[in-house]
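# Examination of the molecular architecture
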Amino acid sequence: MLTLPATSAQTDDEYAAYIDAGHAAQESLGPEVTCGWVLDLRGNTGGNMWPMLAVATPFIDTSTPISFERVDGTLQQVILEDDRALLDGSVMVAFQPADPVPVASIVLLHNETTASSGEAIVATFLGQNDVTTMGRDTAGLSTGNESESLTDGAQIILTTSTFVDRTGLLLGGSIAPDIQLADTDDGVLEARDLLDQSCGAE
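We now turn to the structure provided with this report. These numbers were taken from a predicted model, which means no experiment stands behind them.

With that settled, the discussion passes to the overall build of the protein. Of regular secondary structure, the protein possesses four helices and eleven strands. Expressed along its principal axes, the backbone C-alpha trace of the protein runs to roughly 60 × 35 × 30 Å. Counting only residues that meet the buried cut, the protein has 45% of its 202 residues in that class. A fraction of 71% describes how many contacts in the protein between residues 6 or more apart in sequence connect residues 24 or more apart. One way to put it: in the protein the 6 positive side-chain charges average out to a point 2 Å from where the 31 negative ones average out.

Turning our eyes to something else, we now look at the sheet that holds strand β11 (residues 179-180). In spatial order, the strands read β1-β2-β7-β8-β11; together these five strands make up an open sheet with parallel pairing. Looking at which strands have only one partner, the edges of the open sheet turn out to be β1 (2-3) and β11.

If you trace the backbone, S117 turns up in helix α3 (residues 117-125). Residue contacts for S117: discarding those within four places in its chain leaves G46, G47, N48, M49 and M52.

The rules behind the values
Residues numbered from 1 in each chain as written. Predicted model: local features only at pLDDT ≥ 70, side-chain atom pairs only at ≥ 80, totals over all residues. Heavy atoms only, no water. Helix = DSSP H or I, 4+ residues; strand = E, 2+ residues; numbered from the N terminus. Buried < 20%, exposed > 50% of the residue type's maximum accessible area, 1.4 Å probe, protein only. Contact = heavy atoms within 4.5 Å. Lys, Arg positive; Asp, Glu negative; His and termini not counted. Charge placed at Lys NZ, Arg CZ, Asp CG, Glu CD. Pairing = 2+ DSSP bridges.

Below, the structure is given as structure tokens:
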């Protein structure tokens, strides 16, 4: 299981630390993976989506997994390459490419503590073949924000865009899982059982 925690990384060193840790975990777990991956976004309350996206990139099967619809109706498209992610042509994060992911099947776990940028990572997998989302509805903050400085030095956070998945579905609220789990369910056990069943069916 690979966990993608929240991060508020801002500096190059903070970006690199998060991305390197994620890629190292992927490379360490890779030889043990037979039926598929469990990606855990539970507890990811958001922050900066770009380091998270860099870690998730090897698992995403399209170069255009998510867009942002602004209040004026225009779309900002995220483009993924092997070593960077761009928004409207501007490089948002660059990184050393990770090893390819050899197994396609993925179970992605999320719940009500998956919020904001965490929900953006969930959205990048919506519509991808061989991906099943499992858990509980996300927090409902699937929107993009921008910070503006006021004359008195205070900061105001404005919602300026809404997530759009690869199929063109406009989000903006909670993201429901394909398989709803109860509060008492472990999550990881159910995810691994699903992968085992899928592997046994092949």
